[in-house]
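Per-entry structural report
Letter by letter, the chains look like this.
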Amino acid sequence: MIVLSTLHNVLSQAVTAQLHTAALLTRSGQLIAFASDGGRRPKDEVRMVVGVAMEMWQETQEECSMVESELGRIAVVRVGGESEPLLLLALNSTGDWGELETKGRVVAGHLAAALGQFSEYFE
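Calculation notes
- Residues numbered from 1 in each chain as written.
- Predicted model: local features only at pLDDT ≥ 70, side-chain atom pairs only at ≥ 80, totals over all residues.
- Heavy atoms only, no water.
- Buried < 20%, exposed > 50% of the residue type's maximum accessible area, 1.4 Å probe, protein only.
- Helix = DSSP H or I, 4+ residues; strand = E, 2+ residues; numbered from the N terminus.
- Pairing = 2+ DSSP bridges.
- Polar contact = N/O pair within 3.5 Å; in protein donor to acceptor, adjacent residues only side chain to side chain.
- Contact = heavy atoms within 4.5 Å.

Side-chain direction in a regular strand flips from residue to residue, so the side chains alternate between the two faces of the sheet. The element strand β4 (residues 72–79) is largely enclosed, with a buried count of seven among its eight residues. Both strand β3 (residues 64–69) and β4 contribute to a ladder of six bridges, which runs antiparallel. Counted as the bridge partner of M66 is A75 from β4.

Note that N92 resides in strand β5 (residues 87–93). In this structure N92 comes out as buried when scored by relative accessible area, which is 0%. Of note is the side chain of N92, whose polar atom sits 3.1 Å from the backbone oxygen of L71. Other than its neighbours up to four places away in sequence, N92 contacts Q18, L19, H20, T21, R41, V49, L71, G72, R73 and I74.

Bridge count for strand β1 (residues 19–25) against strand β2 (residues 31–36) is five bridges, and the pairing is antiparallel. Counted as the bridge partner of A23 is F34 from β2. Here β1 folds back onto β2, and the loop between the two strands holds five residues, one of which, G29, carries a positive phi near 95°.

Fair warning: the whole summary comes from geometry, so function is off the table for now.
Quick look at the structure:
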């Protein structure tokens, strides 16, 4: 069983002062869980980050895509899956591009390992 509080805890571990939002979403863009710096980010802003991330994913469908926006730097990273990802991870940062990509890949890898057993339910 997937426990949302556990997903929130994993996402919270990625959040820093510069990487202030991490969100887990479905391939169709539905928000599953998110964490933000101190929980101070309104859910509407998180949804905007998710919207930008989904737009990037639909255009590129790459392992990791990044863009600079009014909301800061946004990355979307695939989480597991063979031809299609299980889920997507969206990150929002004001920090370094390299750190954003590295953290995204590490967190996505951790989530993929933990969620891989549920892959049949994500299709």
